[in-house]
Amino acid sequence: MNTKSKYLGLEIDSPIIAGSCGLTNDISNLEKLEAAGAGAIIIKSVFEEQIIYDIKRNLSMMAPVDNYGMSYEYIASHVADDSLGKHFELISEAKKRLHIPIVGSINCYSFENWMTYTKRFQDAGCDALELNMAILPYETTLSCEDVDRLFSDIINTLRKSVSIPVSVKVSQNFTDMANFMQRLSWMGVDGITLFNKPLNVDIDTQKMEIIHAPSLSTPEEIYNTLRWVAILAKKLRCDISASTGVHNADDVVKMLLAGAGTVQVVSCLYKNGVEYMKNLNDGLRDWMSAKGYDSIDQFRGKLAVKAGEQISLFFRTQFMKHFAKIGE
Ligand SMILES: Cc1cc2nc3c(=O)[nH]c(=O)nc-3n(C[C@H](O)[C@H](O)[C@H](O)COP(=O)(O)O)c2cc1C
């Protein structure tokens with residue numbers, strides 16, 4: 001039996017991937033994850049704000065802004081190089097020491113910076129790139145068409161400037177989820193990651209302050225991801241990587257049955273340590289052997305919504321069956 005899979009066209013030994021997070025920003029964790037059987041690792045995202053912050057901090061240590069004159073651009077690009085340099089050092093160290101695919105991740109908000117930095121990930125030796133485009137549409141001036149244009153402009157231009165596989169990681173907030181994901185897959189991306197988990201905020205009622213809500217997912221959060229993976233698996237022209245709410249090996253199996261190509265995990269690694277990756281792989285193999293499967297492709301997508309199946313009818317029927325039972 002083997003658990004070989006494909007991720008963005010790359011051969012991997014396990015469909016379970018360590019998702020982008022603070023844990024994947026450290027070379028010793030990357031080595032442990034590989035030893036525990038991770039199929040691939042997505043490095044912590046570089047956020048444009050981080051680079052800009054570094055630039056501003058360095059400039060303010062030197063002199064008042066007005067004095068930079070012509071040298072501003074030179075200094076800013078030097079600091080950006082340094083800031084990204086540390087990140088690229090981790091990537092090249094990982095490429096030297098590990099054998100599994102190393103995937104870069106980037107989140108920018110300005111079009112120009114998406115272009116500049118993305119190209120440099122390829123030059124740093126990444127096997128693929130995940131664009132962390134988890135945009136929360138909180139601006140009242142931002143329309144669906146604006147979001148649409150942002151995605152298509154970035155993806156179309158990037159496709160021309162980088163040759164490594166590119167995946168897009170999206171948030172859970174789209175009014176036209178099925179339609180938009182299908183159009184994204186037609187834009188030529190190699191994969192879509194469903195979904196990023198937004199950083200939630202809470203309110204401390206005693207101090208009357210905004211505070212961070214817990215950032216780790218709960219096991220219940222799997223259901224939204226599972227629903228969309230099952231709906232979209234047969235409708236996209238690219239791989240789906242499932243993310244959010246996967247906490248144990250049974251969850252991994254569910255995502256594969258729903259049609260995910262790969263499954264990303266983060267919160268369960270924070271809760272149980274990076275070595276937990278081995279439990280997930282062992283559990284997947286145990287389930288396959290109990291069911292008599294020799295390869296993932298024998299059962300992947302068995303429970304995905306079939307092409308041509310009327311999804312609305314399927315969900316309405318489930319809904320009615322559920323409430324009929326409650327009324328009994
Ligand atoms: C502490 C922490 C840091 C994260 N950092 C990133 C990041 O840099 N880039 C990114 O795309 N996602 C990031 N994420 C989101 C995860 O990759 C993942 O999509 C999310 O946690 C849901 O998966 P889970 O249920 O397995 O935790 C982070 C999550 C956590 C908990």
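Criteria and thresholds
Residues numbered from 1 in each chain as written. Predicted model: local features only at pLDDT ≥ 70, side-chain atom pairs only at ≥ 80, totals over all residues. Helix = DSSP H or I, 4+ residues; strand = E, 2+ residues; numbered from the N terminus. Buried ≥ 20, exposed ≤ 12 C-beta atoms within 10 Å, placed from the backbone. Contact = placed C-beta atoms within 7 Å. Axes fitted to C-alpha atoms, helices over the stretch in contact; angles between N-to-C directions. Parallel < 35°, antiparallel > 145°, perpendicular 65-115°, else oblique. Nonpolar A, V, L, I, M, F, W, Y, C, P; charged D, E, K, R; others polar. Arc of directions from axis to C-beta. Pairing = 2+ DSSP bridges.

Asks: Sorry if this is basic, but what is going on with the overall build of the protein here?
Replies: Scanning the protein from terminus to terminus reveals 11 helices and 13 strands. Within the protein, buried positions represent 36% of all 328 residues. Sequence separation of at least 24 residues holds for 72% of the intrachain contacts in the protein that already meet a minimum separation of 6.

Asks: I'm lost on the packing of helix 7 (residues 222-232) against helix 8 (residues 249-258) in this one. Help?
Replies: A packed helix pair is summarised by two numbers, namely the angle formed by the two axes and the spacing between the axes. As a packed pair, helix 7 and helix 8 sit with axes 8 Å apart at the nearest point and diverge in direction by 25 degrees. Overall, the two elements helix 7 and helix 8 adopt an arrangement that is roughly parallel. Between helix 7 and helix 8, the contacting residues are I222, L226, V229 and A230 on the first element and D251, K254, M255 and A258 on the second. For the contact of helix 7 with helix 8, the residue count by class is 6 nonpolar, no polar and 2 charged.

Asks: Would you mind going over helix 1 (residues 27-35) with me for this structure?
Replies: An α-helix turns once every 3.6 residues. As a result, residues three or four positions apart point the same way. Burial in helix 1 covers these residues: L30, L33 and E34. Down the axis of helix 1, the buried set is contained in an arc of 100 degrees. They therefore lie on one face.

Asks: Can you help me understand the environment of M277 in this one?
Replies: Structurally, the position occupied by M277 is in helix 10 (residues 276-291). Since 26 C-beta atoms lie within 10 Å of it, M277 is described here as buried. In this structure the C-alpha to C-alpha distance between M277 and E34, which are 243 residues apart in sequence, comes to 8.9 Å. Aside from chain neighbours lying at most four places away, what touches M277 is I16, A18, L33, A36, G37, A38 and L269.

Asks: Is there a simple way to think about the pairing of strand 6 (residues 102-107) in this case?
Replies: Put simply, side chains in a regular strand alternate between the two faces of the sheet. The element strand 6 is extensively covered by neighbouring structure, given that 6 of its 6 residues are classed as buried. With burial as the criterion, each face of strand 6 is covered, one bearing I102, G104 and I106 and the other bearing V103, S105 and N107. In terms of strand pairing, strand 4 (residues 40-42) meets strand 6 through 2 bridges, oriented parallel. When the bridges of strand 6 are listed, I42 appears paired with V103. In the sheet, strand 5 (residues 46-47) pairs with strand 6 via 2 bridges, with the strands oriented parallel. If you follow F47 over to strand 6, its bridge partner there is N107. In the sheet, strand 6 pairs with strand 7 (residues 128-132) via 4 bridges, with the strands oriented parallel. Counterpart to S105 in the pairing with strand 7 is E130.

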